[in-house]
Amino acid sequence: MSLPHQKFREIVFQALFSLETDFNNEEELLKLIMEMLSVSKKSVRDAFDRARLINQSKISLDEAIASTSRTFSFDRIQKVERNILRLCAYEILFDDTIPEKVAIAEGIRLARKFSTPESSLFVNAVLDAIYKKKLGEPTDGE
């Protein structure tokens with residue numbers, strides 16, 4: 001049975017977050033995620049592979065996020081929101097298999113689940129601006 005896209009995205013987010021916090025024992029983390037989410041080792045490994053792929057584009061993703069964040073400088077964005085933004089910005093900018101509107105909606109959902117309702121508004125604004133910039137449309141404030 002295939003893992004639902006939403007659950008896979010949550011695991012990718014958790015992998016991104018753990019990679020940023022320099023968690024050194026990946027095998028331990030794999031086991032923990034498998035237990036907590038009742039998913040296969042292959043699903044978790046695939047999620048970590050996806051997180052590493054996203055990390056390879058981290059510089060350009062962070063620039064896209066920083067250039068569209070009007071409320072906070074990039075350094076002030078909390079780790080949870082920063083990694084949600086990286087994940088969804090990657091989907092918007094580099095993954096043609098995921099519709100941009102789905103990536104934005106998923107970013108909002110992840111922010112509500114793993115952070116706060118207020119952060120979902122921030123995530124929505126940043127991702128929407130990244131999407132508009134990709135389309136060549138003016139963003140709010142331009």
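Okay, so let's go over this structure.

A word on the overall build of the protein. Broken down by element type, the protein carries seven helices and zero strands. The helix and strand sequence of the protein, counted from the amino end, reads α-α-α-α-α-α-α. Taken over C-alpha atoms, the radius of gyration comes to 15 Å for the protein, in line with the 14 Å a tight globule of 142 residues would show. Sequence separation of at least 24 residues holds for 67% of the intrachain contacts in the protein that already meet a minimum separation of 6.

Positive phi, normally seen in glycine, also occurs at Ser38, with a value near 55°. Tracing the sequence through the fold places Ser38 in the loop between helix H2 (26–37) and helix H3 (41–56). Looking at Ser38, the relative accessible area reads 65%, which means it is exposed.

Let us now look at the environment of Val102. Relative to the elements of secondary structure, Val102 occurs in helix H6 (residues 100–114). Each C-alpha atom, one on Val102 and one on Glu91, is 9.1 Å from the other, the two residues being 11 residues apart in sequence.

Let's shift gears to the packing of H2 against H3. At their nearest, the axes of H2 and H3 sit 9 Å apart, and the two run at 125° to each other. Taken together, the axes of H2 and H3 lie oblique to each other. H2 and H3 meet at a crossing whose hand is right-handed. In contact with Glu26, Glu27, Leu29, Leu30, Ile33 and Met34 of H2, H3 contributes Lys41, Val44, Arg45, Phe48 and Arg52. Split into classes, the residues belonging to the contact of H2 with H3 amount to six nonpolar, no polar and five charged.

Geometry of an aromatic ring pair is reported as the spacing of the ring centres plus the angle between the planes. Under the defined criterion, the tally for this structure stands at three aromatic pairs. Measuring from ring centre to ring centre gives 4.9 Å for Phe13 and Phe114, while their planes differ by 45°; the resulting arrangement is tilted. Taken as a pair, Phe13 in helix H1 (residues 5–20) and Phe114 in helix H6 lie far apart in primary sequence, 101 residues in all. When its relative accessible area of 4% is taken as the criterion, Phe13 is described as buried. Phe114 sits in the partly exposed class, given a relative accessible area of 26%. Centre to centre, the rings of Tyr90 and Phe94 are 5.5 Å apart; their planes meet at 45°, and the pair counts as tilted.

What counts and how
Residues numbered from 1 in each chain as written. Predicted model: local features only at pLDDT ≥ 70, side-chain atom pairs only at ≥ 80, totals over all residues. Heavy atoms only, no water. Helix = DSSP H or I, 4+ residues; strand = E, 2+ residues; numbered from the N terminus. Rg over C-alpha atoms; globule rule 2.2 N^0.38 Å. Contact = heavy atoms within 4.5 Å. Buried < 20%, exposed > 50% of the residue type's maximum accessible area, 1.4 Å probe, protein only. Axes fitted to C-alpha atoms, helices over the stretch in contact; angles between N-to-C directions. Parallel < 35°, antiparallel > 145°, perpendicular 65-115°, else oblique. Left-handed = near helix turned anticlockwise from the far one by under 90°. Nonpolar A, V, L, I, M, F, W, Y, C, P; charged D, E, K, R; others polar. Phe/Tyr/Trp six-rings, centres within 6.5 Å; stacked < 30°, edge-to-face > 60°.

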